[in-house]
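# Descriptive analysis of the structure
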Amino acid sequence: GAVVSQHPSWVICKSGTSVKIECRSLDFQATTMFWYRQFPKQSLMLMATSNEGSKATYEQGVEKDKFLINHASLTLSTLTVTSAHPEDSSFYICSAGNRGSSGANVLTFGAGSRLTVL
Amino acid sequence: QKEVEQNSGPLSVPEGAIASLNCTYSDRGSQSFFWYRQYSGKSPELIMSIYSNGDKEDGRFTAQLNKASQYVSLLIRDSQPSDSATYLCAVRRKAGNMLTFGGGTRLMVKP
């Protein structure tokens, strides 16, 4: 089945530093990847849609200058949290779509990256 | 009104019982519906997808869709303690691959 690899799984950083999270589709090409954020005991909130070769589409309220998304190839999208602050501490999850066995588009999630900003 | 709504729970059922999870959505044009299971600290994993009205069965899981009433449900038969998790309902809009998630229902299966 489709596999999406996300790295790192855990990251702790000091306030003001930048953190990069990678999302790779291992056995399929993904022209579109999605970045979600999940705070404790809350549901997943879509942050942005990452499009290969073009600018990402950000959801309302998400600062594009703070959360930089690069989708340079069909198998890799990166999310960089710039000048991270404690309120950015969260669980960041990427996902990519591919055709399932039924032919329909299904989303596969990466394992997630837990960011803690001190 | 939230786009996708779920009762947050927790829903507590005894081992071996049927767990019934419900979800309603507001966008009548939604075409694809998904149930994900999320264990604490982990990312969601797909359990079922359903696209047309009626029931869809896969092992102990049955998804039910009623587009006229705009609800989708998940039944878990012979519930096991390992089924204890948060179940997320997700709906896909007509265009693109983006999913909108409900808040999730926490299920607790007691031995």
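This report concerns the structure included in the present document. Worth saying up front: this structure is predicted, and the values here are computed from it rather than measured.

### A few points about the overall build of chain B
For chain B, the helix and strand inventory stands at 0 helices and 11 strands. Against the compact-globule benchmark of 13 Å for 111 residues, chain B has a radius of gyration of 13 Å, which places it among compact chains. Along the first, second and third principal axes, the C-alpha set of chain B runs to 40 × 30 × 20 Å. The buried share of chain B, taken over its 111 residues, is 45%. Partitioning the contacts of chain B with sequence separation of at least 6, the portion at a separation of at least 24 is 54%. As displayed, chain B offers around 5,300 Å² of accessible surface, 46% of which is attributable to carbon and sulfur atoms. Computed over 13 positive and 10 negative side-chain charges, the separation of the two mean positions in chain B equals 5 Å.

### Considerations on the packing of aromatic side chains
Residue and element names in this part refer to chain B. Summed over the entire model, instances satisfying the criterion amount to 9 aromatic pairs over all chains. Ring centres 4.8 Å apart and planes at 45 degrees place the aromatic pair Y25 and F33 in the tilted group. One exposure class covers both Y25 and F33, and it is buried. With a centroid separation of 6.5 Å and 40 degrees between ring planes, the pair formed by F34 and Y36 is classed as tilted.

### So, the environment of S8 of chain B
Residue and element names in this part refer to chain B. With respect to the element layout, S8 can be found in the loop between β1 (4-6) and β2 (11-14). Sequence separation of S8 and Y71 is 63 residues, and the distance between their C-alpha atoms is 16 Å. Once you skip the residues sitting within four places of it in the chain, S8 turns out to touch G104, T105 and R106.

### Brief notes about the state of the cysteines
Residues and elements named next belong to chain A. Following the criterion strictly, the structure yields 2 disulfides over all chains and no others. What pairs with C23 in a disulfide is C94, and their sulfur atoms sit 2.0 Å apart. Given an S-S torsion of about 80 degrees, the disulfide between C23 and C94 has right-handed geometry. With a gap of 71 residues between them, C23 in strand β3 (residues 19-25) and C94 in strand β9 (residues 90-99) connect regions that are remote in the sequence.

### A short note on the nonpolar core
By size, the foremost hydrophobic cluster in this structure holds 24 residues, and its most contacted members are W35, F67, L79, Y92 and L115 of chain A. Residue assignment for this core shows that the elements contributing at least two residues are β2 (10-13), β3, β4 (32-38), β5 (45-51), β7 (67-73), β8 (76-81), β9 and β11 (113-117) of chain A. C23, Y25, V72 and C89 of chain B belong to the second-largest nonpolar core, a separate cluster that totals 23 residues.

### A few points about the sheet that holds strand β8 (residues 71-76) of chain B
Residue and element names in this part refer to chain B. Spatially, the 5 strands line up as an open sheet ordered β1-β3-β8-β7-β6, and their pairing is antiparallel. Taken across any chain shown, the strands that pair with only one partner, and hence form the sheet edges, are β1 and β6 (54-58). Taking each pair of neighbouring strands and ignoring which way they run, the sheet shows an average axis angle of 20 degrees.

Cut-offs used in this document
Counting restarts for each chain, with residues numbered from 1 along the sequence as it is written. Just so you know, chain letters begin at A and ligand numbers begin at 1, following the order they were written in. Given that this is a predicted model, residues contribute local features only at a pLDDT of at least 70 and side-chain atom pairs are listed and counted only at 80 or more, while totals for whole chains, interfaces and linings are drawn from all residues. The side-chain quantities take in all heavy atoms of the structure and omit both hydrogens and water. For helices the rule is a DSSP run of H or I covering at least 4 residues; for strands it is a run of E covering at least 2, with both sets numbered from the N terminus onward. Atoms counted for the radius of gyration: C-alpha only. Globule rule: 2.2 Å times residue count to the power 0.38. Burial classes: relative accessible area under 20% of the type maximum marks a residue as buried, over 50% as exposed, and values in between as partly exposed (1.4 Å probe, protein chains only). Here, residues are in contact when the closest pair of their heavy atoms is within 4.5 Å. To measure how exposed things are, a 1.4 Å probe is used in the Shrake-Rupley method; for residues, cover is taken only from the protein chains shown. Under the counting rule used here, the positive set is Lys and Arg, the negative set is Asp and Glu, and His together with the chain ends is not counted. Where a charge sits is defined by one atom per residue type, namely NZ (Lys), CZ (Arg), CG (Asp) or CD (Glu). Only centres within 6.5 Å qualify two rings of Phe, Tyr or Trp (six-membered ring in Trp) as a pair; their planes then separate them into stacked at under 30 degrees, edge-to-face at over 60, and tilted for everything else. Put simply, a disulfide is two cysteine sulfurs that come within 2.5 Å. To form a nonpolar core, buried Ala, Val, Leu, Ile, Met, Phe, Trp, Tyr and Cys residues must be joined to one another through side-chain atoms within 4.5 Å. One requirement defines pairing of two strands: DSSP has to find at least two bridges between them. Axis definition: a line fit to C-alpha positions, over the contact stretch in the case of helices; interaxial angles, taken between N-to-C directions, run 0 to 180 degrees.

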